[in-house]
Amino acid sequence: MKNTHIKTSLKTLGLISILTLSQTSCSDLLKENVISNISNDYIATTAGYNAAANAAYTTLRSFYGTERGISMSEYGTDIYSAGADGSYKGFHFYDSQLVGSVDILSQLWDETYKGINACNAVIERSSAVTGISDAVKKQRVGEMQYLRAHYYFILVQQFGPLDLRLKETLGPTKTATRTPEADVYKQIVSDLLAAIPVLESKAAASDYGRATKAAAENLLAKVYLTRASSKFAEASDYANAATLCNNVINNYGFKLLPDFASVFLQGSGEKNSEVIFSVQYTSDPLTNGVSADQGNKLHLYFGMQYDVQAGMVRDIFYGRPFKRLKPTPYLLEKVFADRVNDSRYKKTFRDTWLSNSPGTYSNLFDGSKKSLTFKANDTTIYIPGYEMPLAERAKKPYQVLTPSMYNYALFPTLQKFFDPLRPDRTYENGSRDYIVHRLADTYLMLSEANLKLGKVAEATNAINMVRVRAAWPGKESAMTVAQDQVNMDLIMEERARELAGEQTRWMDLKRWNNLVARVKQYNTDAANGVADRHLVRPIPQKQVDLSENGGFPQNPGY
């Protein structure tokens, strides 16, 4: 099995991508120095051990905030369908393009196993390292257990049975076997249970970005919630998930921000009382991962093609529109139907564009008037979100795009991830952090777990925390739901409203065992292609081909 992840030794780990980091903090994870000719014994030194532990975090950047990550988490769901442009549409359509030779499958596989091998190396070699206190070594091992569990959780959800490796791989091997999902989940749980007692409750400011007790508890809650609906569920899974969610909510000082939109403010706003754990990005391209993943790129994928419309040219503020993900009618019309009481439609989607190319324009797309003249910063495009009558549109001194005009290039644009701090309008490598765990998700997990336990009052209280925060001022009462309104349909919609685009939806649908049904019902692009085999992705074909004696068969149907 001569994959990248199997060949990985400490010499190629970077160290784990030929990068080393400062000895003290994960914020310094963004201040790496390039090192070459590293010996395999370097990790036994104080500097090498700290470098390896910090570098193990790098693999998070291969999934979160990347094209491959968004393709495997939001494409082909009930809330997002294909936009006009882009690669990897097999993940949207579930058609013959979704095969084991697709490069992002092998990239995720290889990069994630590199991260796992880095974790294994740090865990195994800890006892031999000198110059570091036992307390710090326990902390670092706990971080590696969190990361290893995190990486296996990503892989097992995507691919099913895995090659479960818990020892450092030092050289090439063709030996591989598929460990059943139930055993992979047991290992994930075991790692997180071991990590929680030794991790810090909350990272110090100088160590921002390190795994904490709260991050591990939050991840373990999601693992239990996911396993609870599987064929290998354990009776205590929902109860364990609820207990952990309550711990995270009550014991670490996290609080929902008063304003939903504030969670996604770039810069200092990303470090707020709602963020439990995030992946660190920076404006320095050297520190932002492997070349294909440089920076948080989610600002690219949700934008409509505003830059060909009257009065507009592409600029930094409105972004580079790759047009990869188009909201489904279900998301816009059902999930975000309430715009009177709930602020999240307005705060999730950009609906107004101001002119950055003044002048007079004819042949307008909306067809309601012959021409328009714009001064700088005049409104040029408005998306009201409903079918504004032609006569009303004709009176507006700008183009009005109504739902009947939406197409694969023009649609409401998700604005959570926009990155106006990029240096120029073509620059792809965003610098904003990617939020992995946040408190609103924890409340929604708690609501789901309690509902499954029959604790409807507790489920109602939890979901109302998220809903009331999202209310327009004075509409809090209208956003509060009663116990008889709380069911899985509400929770599914609430997760879509709160977490749209945040790399959760495909895994949510898989957890609820309704991916196929909901895609068929709500996503016309994918309805004819999606089938039960798509509950897992194809194994990277090179993994299948290079495993000796057929030890790693392809997933059925691919």
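Residues numbered from 1 in each chain as written. Predicted model: local features only at pLDDT ≥ 70, side-chain atom pairs only at ≥ 80, totals over all residues. Heavy atoms only, no water.

**What to know about the overall build of the protein chain**
Inference 1: Along its length, the protein chain carries 19 helices and 13 strands.
Inference 2: Computed over the C-alpha atoms, the radius of gyration of the protein chain is 24 Å, within 12% of the 24 Å expected from 2.2 N^0.38 for a compact globule of 558 residues.
Inference 3: Evaluated residue by residue, the protein chain yields a buried proportion of 61% over its 558 residues.
Inference 4: Pairs at least 24 apart in sequence give 72% of the contacts found in the protein chain among residues at least 6 apart.
Inference 5: Put simply, the protein chain shows about 20,400 Å² of open surface, and 52% of that area lies on carbon and sulfur atoms.
Inference 6: Of note, the protein chain has its 64 positive side-chain charges centred 2 Å away from the centre of its 58 negative side-chain charges. (Helix = DSSP H or I, 4+ residues; strand = E, 2+ residues; numbered from the N terminus. Rg over C-alpha atoms; globule rule 2.2 N^0.38 Å. Buried < 20%, exposed > 50% of the residue type's maximum accessible area, 1.4 Å probe, protein only. Contact = heavy atoms within 4.5 Å. Areas by Shrake-Rupley, 256 points an atom, 1.4 Å probe, with all protein chains shown as cover. Lys, Arg positive; Asp, Glu negative; His and termini not counted. Charge placed at Lys NZ, Arg CZ, Asp CG, Glu CD.)

**A few points about the packing of helix α7 (residues 181-195) against helix α8 (residues 213-228)**
Inference 1: Between α7 and α8, the least distance of the axes is 10 Å, while the angle of their chain directions is 155 degrees. Regarding the angle of α7 to α8, the classification is roughly antiparallel. Of the two elements, α7 crosses α8, and the hand of that crossing is left-handed. Along the contact surface, α7 presents Y185, K186, I188, V189, L192 and L193, while α8 presents A216, L219, L220, V223, Y224, T226 and R227.
Inference 2: The residue makeup of the contact of α7 with α8, split by class, is ten nonpolar, one polar and two charged. (Axes fitted to C-alpha atoms, helices over the stretch in contact; angles between N-to-C directions. Parallel < 35°, antiparallel > 145°, perpendicular 65-115°, else oblique. Left-handed = near helix turned anticlockwise from the far one by under 90°. Nonpolar A, V, L, I, M, F, W, Y, C, P; charged D, E, K, R; others polar.)

**A word on the side chain of K323**
Inference 1: Relative to the assigned elements, K323 resides in the loop between β4 (275-279) and β5 (325-327).
Inference 2: Each residue touching K323, except ones within four places of it in the same chain, is listed here: G83, A84, D85, L300, Y301, G303, M304, Q305, Y408, A409 and F411.

**Re the pattern of salt bridges**
Inference 1: Evaluation of the coordinates by the stated rule reveals 39 salt bridges.
Inference 2: One salt bridge in this structure joins E111 and K114, with 3.3 Å as the shortest N-O distance. Here the residue E111 and the residue K114 both occupy positions in helix α5 (residues 103-125), the gap between them amounting to three residues, near one helical turn.
Inference 3: In this structure, E493 and K334 form a salt bridge, with 2.4 Å as the shortest nitrogen-oxygen distance. Separated by 159 residues along the polypeptide, E493 in helix α16 (residues 488-499) and K334 in helix α10 (residues 329-335) bring together distant segments of the chain.
Inference 4: A relative accessible area of 44% places K334 in the partly exposed class. (Salt bridge = Lys/Arg side-chain N within 4 Å of Asp/Glu carboxyl O.)

**Quick notes on the packing of aromatic side chains**
Inference 1: If you walk through the whole model with that rule in mind, you get 23 aromatic pairs.
Inference 2: Geometrically, the ring pair formed by W109 and F159 is edge-to-face, given 5.1 Å between the ring centres and 90 degrees between the ring planes. Placement of W109 in helix α5 and of F159 in helix α6 (residues 134-159) is noted, with a sequence separation of 50 residues between them.
Inference 3: Residue classification places F159 among the buried positions, given a relative accessible area of 0%.
Inference 4: A ring pair is formed by Y330 and Y522, whose centres lie 3.9 Å apart and whose planes are at 25 degrees; its orientation type is stacked. In this pair, Y330 sits in helix α10 while Y522 sits in helix α18 (residues 515-522), placing the two residues 192 residues apart along the sequence.
Inference 5: For Y522, a relative accessible area of 24% puts it in the partly exposed group.
Inference 6: In this structure an aromatic cluster arises from ring pairing among W109, Y113, Y152, F159 and F552.
Inference 7: Looking at R537, its charged tip hangs above the ring of W506, at a distance of 3.9 Å from the centre. (Phe/Tyr/Trp six-rings, centres within 6.5 Å; stacked < 30°, edge-to-face > 60°. Lys NZ or Arg CZ within 6 Å of the ring centre and 35° of its normal.)

**Some thoughts on the pairing of strand β13 (residues 434-438)**
Inference 1: Taking burial as the measure, the five residues of β13 include five buried ones, the bulk of the element.
Inference 2: Of the strand pairs in this sheet, β4 and β13 are connected by four bridges, and their pairing is antiparallel. Counted as the bridge partner of V275 is R438 from β13. (Pairing = 2+ DSSP bridges.)

**Quick word on unusual backbone geometry**
Inference 1: In this structure, Y88 is a non-glycine residue whose phi angle is positive, near 65 degrees.
Inference 2: Residue placement: Y88 occurs in the loop between β3 (80-82) and α4 (90-93).
Inference 3: At N363, a position not held by glycine, the phi torsion is positive, near 55 degrees.
Inference 4: Structurally, N363 is set in the loop between β8 (359-362) and β9 (371-374).
Inference 5: Residue N363 is classed as exposed on the basis of its relative accessible area of 76%.

**Digging into the sheet that holds strand β10 (residues 379-382)**
Inference 1: Read from one edge of the open sheet, three strands run β7-β10-β11, paired in mixed fashion. A strand with exactly one partner marks an edge of an open sheet, and here the two such strands are β7 (352-354) and β11 (399-400).

**Some details on α8**
Inference 1: With 16 residues, α8 extends 22 Å between its outermost C-alpha atoms, agreeing within 8% with the 22 Å of an ideal straight helix rising 1.5 Å per residue.
Inference 2: In terms of residue burial, α8 counts as a mostly covered element, since 16 of its 16 residues are buried. (Expected span 1.5 Å × (residues − 1).)

**A few points about the environment of E168**
Inference 1: Looking at where E168 falls in the secondary structure, it is placed in the loop between α6 and α7.
Inference 2: A polar atom in the side chain of E168 sits 3.1 Å from the side chain of R125. (Polar contact = N/O pair within 3.5 Å; in protein donor to acceptor, adjacent residues only side chain to side chain.)

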